[in-house]
Amino acid sequence: MNLSNRVAIVTGGGRGIGRTIALKLAEVGATVVVNDIGEASPVGSVAEEIKAMGGQSLAVLADVSSSSDVARLVEETIAAYGKVDILVNNAGIARDQLIIRMSDEDWDRVLSVNLKGAFLCARAVLRHMIKQRWGRIISIASIVGLVGNPGQANYASAKAGIIGFTRTVAKEVAARGITANAIAPGFIDTEMTQRLEEDWKQQLKKQIPLGYFGSPCDVAEAVAFLASEEARYITGQVLSVDGGMAGAWL
Ligand SMILES: NC(=O)c1ccc[n+]([C@@H]2O[C@H](COP(=O)([O-])OP(=O)(O)OC[C@H]3O[C@@H](n4cnc5c(N)ncnc54)[C@H](O)[C@@H]3O)[C@@H](O)[C@H]2O)c1
């Protein structure tokens, strides 16, 4: 895999899976614009790490659920590097609660960041990708969007929405040389899952055929492949990176 001369935007790249994706894309040659939200985000240090590896990188703070922030993210990318080839919609949040106790705010915020954010970023980059007749849109969904999960109605709906959105993007822009795919991680060892109680983690591991949580690298390797020229004939797909977990349920 060689992504030299490719420019990628990775949303939510300050930590966890997004950070690992940003570093992986840089390792295989891409210039990476690392996005995250909030002044306290370590997004600048990810960009510095890429530069220290000899790569090119820029950190842009922006809220993916805000269309003006997303417009600025893409404008800054074009101003710095002249194009955008790869978008990784990774930014995501969870606000778990049983449906009967879920507030309107928790529903709206999770849908806004995880689903509307992916739409806003895709819309903003597609104009540029269509002109150059090449692009890759890779969105991080979740096993939960395929099989559901108690306490995660908002998150599961957003992630299932990502899958329908991805299949639609794939059909709308296939003729322009652009592919769109989703990755559905299972349980990956990040801050999001480190918050789970230990006995719950042990129970979950029993449901994973491979028997352990994945690492952010497992997701990043799949993203790098889908972003590559070698994956040109793959579009509209959902790739599970879950140790076999979804297969055990579906
Ligand atoms: N960890 C898992 O087991 C797992 C499983 C399936 C899917 N996922 C998905 O993978 C992605 C990354 O998850 P993670 O575990 O690394 O989570 P994380 O919480 O460690 O990282 C998410 C990043 O997104 C950023 N972010 C949040 N809201 C944002 C916004 N509005 N604009 C820009 N950035 C924003 C956060 O600041 C954070 O840096 C998410 O979409 C998540 O839903 C994670």
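The structure this text deals with has already been given above.
Throughout what follows, the structure given in this document is the object of discussion. (Residues numbered from 1 in each chain as written. Predicted model: local features only at pLDDT ≥ 70, side-chain atom pairs only at ≥ 80, totals over all residues.)

Considerations on the packing of helix 3 (residues 67–81) against helix 4 (residues 104–132)
Then, in step 1: It is at 9 Å that the axes of helix 3 and helix 4 come closest, and there the two elements cross at 35°. Between helix 3 and helix 4 lies a crossing whose hand is right-handed. Residues Ser67, Val70, Ala71, Val74 and Ile78 of helix 3 touch helix 4, and the partners they reach there are Leu120, Cys121, Ala124, Val125 and His128.
Then, in step 2: Its residues assigned to classes, the contact of helix 3 with helix 4 shows eight nonpolar, two polar and no charged. (Axes fitted to C-alpha atoms, helices over the stretch in contact; angles between N-to-C directions. Helix = DSSP H or I, 4+ residues; strand = E, 2+ residues; numbered from the N terminus. Left-handed = near helix turned anticlockwise from the far one by under 90°. Contact = placed C-beta atoms within 7 Å. Nonpolar A, V, L, I, M, F, W, Y, C, P; charged D, E, K, R; others polar.)

A few points about the sheet that holds strand 3 (residues 57–61)
Then, in step 1: Taking strand neighbours across the sheet as the criterion, the seven strands line up as 3-2-1-4-5-6-7 in an open arrangement whose pairing is parallel. Here the strands that pair on one side only, and so sit at the sheet edges, are strand 3 and strand 7 (238–241). When the angles between neighbouring strand axes are averaged without regard to direction, this sheet yields 20°.
Then, in step 2: Here four bridges tie strand 4 (residues 86–89) to strand 5 (residues 135–140), and the two strands are oriented parallel to one another. Counterpart to Val88 in the pairing with strand 5 is Ile138.
Then, in step 3: Relative to strand 1 (residues 7–10), helix 1 (residues 16–27) is tilted by about 170°, and along the sheet it contacts strand 1, strand 2 (31–36), strand 3, strand 4 and strand 5. (Pairing = 2+ DSSP bridges.)

Things to note about the environment of Gln203
Then, in step 1: Its location among the elements puts Gln203 in helix 8 (residues 198–206).
Then, in step 2: Gln203 sits in the exposed class, given 11 other C-beta atoms within 10 Å.
Then, in step 3: Taking the C-alpha atoms as reference points, Gln203 and Ala175, 28 residues apart in sequence, are found 45 Å from one another. (Buried ≥ 20, exposed ≤ 12 C-beta atoms within 10 Å, placed from the backbone.)

Note that all results are geometric; they support no functional claim without further evidence.
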